[in-house]
Amino acid sequence: MSFQNPVFIPGPTNIPESLRKACDMPTIDHRSPLFGQILHPAREGVRKVLKSESAEVFIFPSTGTGGWETALSNTLSPGDTVLAARNGMFSHRWIDMCQRHGLTVEVVETPWGQGLPATRYAEILAADKQHRIKAVLATHNETATGVRSDIAAVRRALDEAGHPALLFVDGVSSIASMDFRFDEWGVDCAVTGSQKGFMLPPGLAIVGFSDKAMAATKTAKLPRTFFDVHDMAKGYANNAYPYTPAVGLLNGLNEACRMLLDEGLENVFARHHRIAEGVRAAVRAWGLELCAAAPEVYSDTVSAICTPEGFNATDIVSHAAQTYGVAFGTGLGEVAGKVFRIGHLGSLTDVMTLSGLATAEMCMKDLGLDITLGSGVAAAQDFYRATPALTRKEAA
Ligand SMILES: *Cc1c(COP(=O)(O)O)cnc(C)c1O
């Protein structure tokens, strides 16, 4: 591997210099007002990135997976039923976590490559007259397949059924990169981590709770200690944590939010869309297909690319690492060996993206696939030339 090349994995993402510097700081007293000057603006920044006026933001030394556990353990009780669709490895792992916590999961099996089946959710919720279902789980962006789902449609399914279940959204690979609307979509728990759209090293679980989710914590009986949001809230009131916070990462998060909000969230989303469209133009030029079934579900943060029958897609990833010092993502679970993934989220430019596409071409050619060198790069170049990026100044 090279420390100079950008990574093209869908998290952790490339870290801008300013954020590396923000994370690198001397020790301060983490139970002092000075710490509060980092913590409170970071929480406020996250709230804005979530597009929420009132979400309670909690930040744990953990990762996205800890964020899932925070959502479940603070709001639900053993034996509660939750509704979830399995359409990729991340939704699968969340379901697995629910089961290990003693929850009953009503699983809607969904072909990998498709989005969440909102109409099926609507039928199930409408039929659940006793309101057995306490929470609906929705993976906004299924990172394993490069599929973005329609969270507004899941909200409508709940509303049309007049169903009171909480709405939990895994936004680990969408928040801060693709449009996310905590308040407008009526999200009750949003979950993300530091190492994807926030462009930081791994180490933080970042969650937003609605008033309704906070109310549910009062009766929830699942055991929780490290991830207890009330302990955390008590700490926050004293500029502290119930334990030792990841101060450097929080300082980085504060700076990351400032960067994102300075650029403007809509500009951030447009930048991701544009970069992704260039990648998709390359995939078409290679004559390959995306795992994502239709343009409506194309993810702007990761593309899972199907390779021909009989070819092991993971070879591309190992070859890229060994030969060119570049990281792509492997296929996971059901699509292992069938797809390789190009992560295109976080801090990425046209030029960086073109280098990744060029590397993917070299790998595919080296491994005997019928690829014309430069074909995907040229398609992306044409796209980027025709749709110039906003300069920083215009964006601001
Ligand atoms: C990365 C990811 C996770 C897991 O997050 P960790 O930070 O690795 O625990 C969960 N869900 C989605 C959609 C992800 O992309």
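One numbering rule holds for all chains: residues counted from 1, following each sequence as written. Selection of residues for local features in this predicted model requires a pLDDT of at least 70, selection of side-chain atom pairs for listing and counting requires 80 or more, and totals for whole chains, interfaces and linings are taken over all residues. Side-chain figures throughout are based on the complete set of non-hydrogen atoms in the structure, without hydrogens or water.

If you look the chain up in an unreviewed UniProt entry, it shows as Aminotransferase class V-fold PLP-dependent enzyme from Salipiger mangrovisoli. Quoted verbatim from the Sequence similarities (unreviewed entry) heading of the UniProt record, the comment on the chain is "Belongs to the class-V pyridoxal-phosphate-dependent aminotransferase family." UniProt positions are given in the numbering used here, feature names are shortened, and annotations may be inferred rather than shown by experiment.

Draft legend 1. Representation of the pairing of strand β9 (residues 204–209). The buried fraction of β9 amounts to six of the six residues, a majority that puts the element mostly inside the structure. Of the two faces of β9, the one carrying Leu204, Ile206 and Gly208 and the one carrying Ala205, Val207 and Phe209 are both buried. One bridge is not enough; two strands pair if DSSP finds at least two bridges between them. Comment: elements are numbered from the N terminus, with helices defined as DSSP H or I runs of at least four residues and strands as E runs of at least two. Pairing between strand β1 (residues 56–61) and β9: six bridges, direction antiparallel. Residue pairing in the sheet places Phe58 in a bridge with Val207 of β9. As paired elements, strand β8 (residues 189–193) and β9 share five bridges and run antiparallel to each other. Directly across from Ala190, in β9, lies its bridge partner Gly208. The buried label goes to any residue with under 20% of its type's maximum accessible area, the exposed label to any with over 50%, and the partly exposed label to all in between, with areas taken from a 1.4 Å probe on protein chains only.

Draft legend 2. Spotlight on the site of the ligand. The criterion for a residue being near a molecule or strand is simple. One of its heavy atoms has to lie within 4 Å of it. Thr63, Gly64, Thr65, Trp68, Phe90, Asn141, Thr143, Asp170, Val172, Ser173, Gln195 and Lys196 make up every residue found near the ligand. At 2.5 Å, a side-chain N or O of Thr63 approaches an oxygen atom of the ligand. Counting of polar contacts relies on pairs of N or O atoms within 3.5 Å, with two restrictions inside protein: one atom must be capable of donating a hydrogen and the other of accepting it, and residues adjacent in sequence are counted only when both atoms are side-chain atoms. A distance of 2.4 Å separates an oxygen atom of the ligand from a polar side-chain atom of Thr143. Using the Shrake-Rupley algorithm and a 1.4 Å probe, accessible areas are obtained, with residue cover drawn only from the displayed protein chains. When the ligand sits alone it has 380 Å² of accessible area, and the protein chains cover 88% of it. Counting residues per element, the shell around the ligand draws most heavily on helix α3 (residues 64–75), at three residues. Note on residue classes: Ala, Val, Leu, Ile, Met, Phe, Trp, Tyr, Cys and Pro are nonpolar, Asp, Glu, Lys and Arg are charged, and everything else, Gly too, is polar. Looking at the shell around the ligand residue by residue, the class counts come to three nonpolar, seven polar and two charged.

Draft legend 3. Structural context of the nonpolar core. Only buried residues count toward a nonpolar core, which is a set of Ala, Val, Leu, Ile, Met, Phe, Trp, Tyr and Cys residues joined through side-chain atoms within 4.5 Å. Core analysis: the biggest nonpolar cluster contains 87 residues, and Val136, Phe168, Phe198 and Leu253 have the highest contact counts within it. With eight residues, the top contributor of residues to this core is helix α9 (residues 247–263). In this description, contact between two residues means that some pair of their heavy atoms is separated by no more than 4.5 Å. Every residue in contact with Leu253, bar those within four places of it in the chain, is listed here: Ala42, Val46, Ile59, Phe198, Leu200, Leu204 and Ile206. Of all hydrophobic cores here, the second largest spans 29 residues; its members include Val279, Trp286, Val326 and Leu369.

Draft legend 4. Highlighting the pattern of salt bridges. Just to be clear on terms, a salt bridge is a Lys or Arg side-chain nitrogen sitting within 4 Å of an Asp or Glu carboxyl oxygen. Under the counting rule described, the total for this entry stands at 20 salt bridges. Linking Asp159 and Arg155 is a salt bridge whose minimum nitrogen-to-oxygen distance equals 3.3 Å. One end of the pair is Asp159 and the other is Arg155, both in helix α6 (residues 151–160) and four residues apart, which spans about a single turn. A salt bridge links Arg271 to Glu263; the shortest N-O distance between them is 2.7 Å. What makes Arg271 partly exposed here is its relative accessible area of 22%. Among the ionic contacts, a cluster of salt bridges with common partners joins Lys51, Asp179, Arg181, Glu184 and Glu266.

Draft legend 5. Representation of the side chain of Asp170. By the element assignment, Asp170 lies in strand β7 (residues 166–170). Lacking a salt bridge, the buried Asp170 has Lys196 as its closest oppositely charged neighbour, with an N-O distance of 7.2 Å. Within the local environment of Asp170, its side chain forms a polar contact with the backbone nitrogen of Val172, the two atoms lying 2.8 Å apart. Only four residue types enter the charge count, namely Lys and Arg as positive and Asp and Glu as negative; His and the chain termini do not.

Draft legend 6. A look at the UniProt feature "domain: Aminotransferase class V" (unreviewed entry) in the chain. Under the local residue numbering, the UniProt record ascribes the feature "domain: Aminotransferase class V" (unreviewed entry) to residues 30–331. Taken end to end, residues 30–331 is 42% helix and 18% strand, and its first and last C-alpha atoms sit 40 Å apart.

Draft legend 7. Molecular detail of helix α11 (residues 314–324). Inspection of α11 places Ile316, Val317, His319 and Ala320 among the buried residues, and these make up the whole buried set. Contacts made by the buried residues of α11 are with β12 (329–330), β13 (339–343) and α12 (350–366).

Draft legend 8. The state of the cysteines, seen in detail. Here, two cysteine sulfur atoms that lie within 2.5 Å of each other are counted as a disulfide. Taken as a whole and assessed by the stated rule, the structure comprises zero disulfides. Unpaired in this structure, Cys23 has its nearest cysteine sulfur neighbour in Cys257, at a distance of 12 Å. As a non-bridged cysteine, Cys189 has Cys98 as the owner of its nearest cysteine sulfur, 12 Å distant. On the basis of relative accessible area, Cys189 is assigned to the buried category, the value being 1%.

Draft legend 9. The packing of aromatic side chains, seen in detail. The pairing test for Phe, Tyr and Trp rings, Trp by its six-membered ring, is centres within 6.5 Å, and the orientation test on the planes gives stacked under 30 degrees, edge-to-face over 60, and tilted for anything in between. Enumeration according to the criterion identifies 13 aromatic pairs in this entry. Ring geometry for Phe35 against Tyr241: centres 6.0 Å apart, planes inclined by 70°, an arrangement best described as edge-to-face. In this pair, Phe35 is assigned in helix α2 (residues 33–49) and Tyr241 in the loop between α8 (229–237) and α9, connecting sequence segments 206 residues apart. For the pair shown, Phe35 and Tyr241 are each scored as buried. Seen from their ring centres, Phe226 and Tyr243 are 4.4 Å apart, and the 0° between their planes marks the pair as stacked. Here the residue Phe226 occupies a position in the loop between α7 (211–216) and α8, and Tyr243 occupies one in the loop between α8 and α9, the gap between them amounting to 17 residues. In this structure Tyr243 comes out as buried when scored by relative accessible area, which is 18%. One aromatic cluster is present, formed by Phe35, Phe58, Phe60, Phe209, Phe226, Phe227, Tyr236, Tyr241 and Tyr243 through successive ring pairs. Over a ring means this: the NZ of a Lys or the CZ of an Arg is within 6 Å of the ring centre and within 35 degrees of the ring normal. Across the ring face of Phe90, the terminal group of Arg93 is positioned such that the distance to the ring centre comes to 5.4 Å. Above the plane of the ring of Phe90 lies Lys196, whose end atom (NZ or CZ) is 5.4 Å from the centre.

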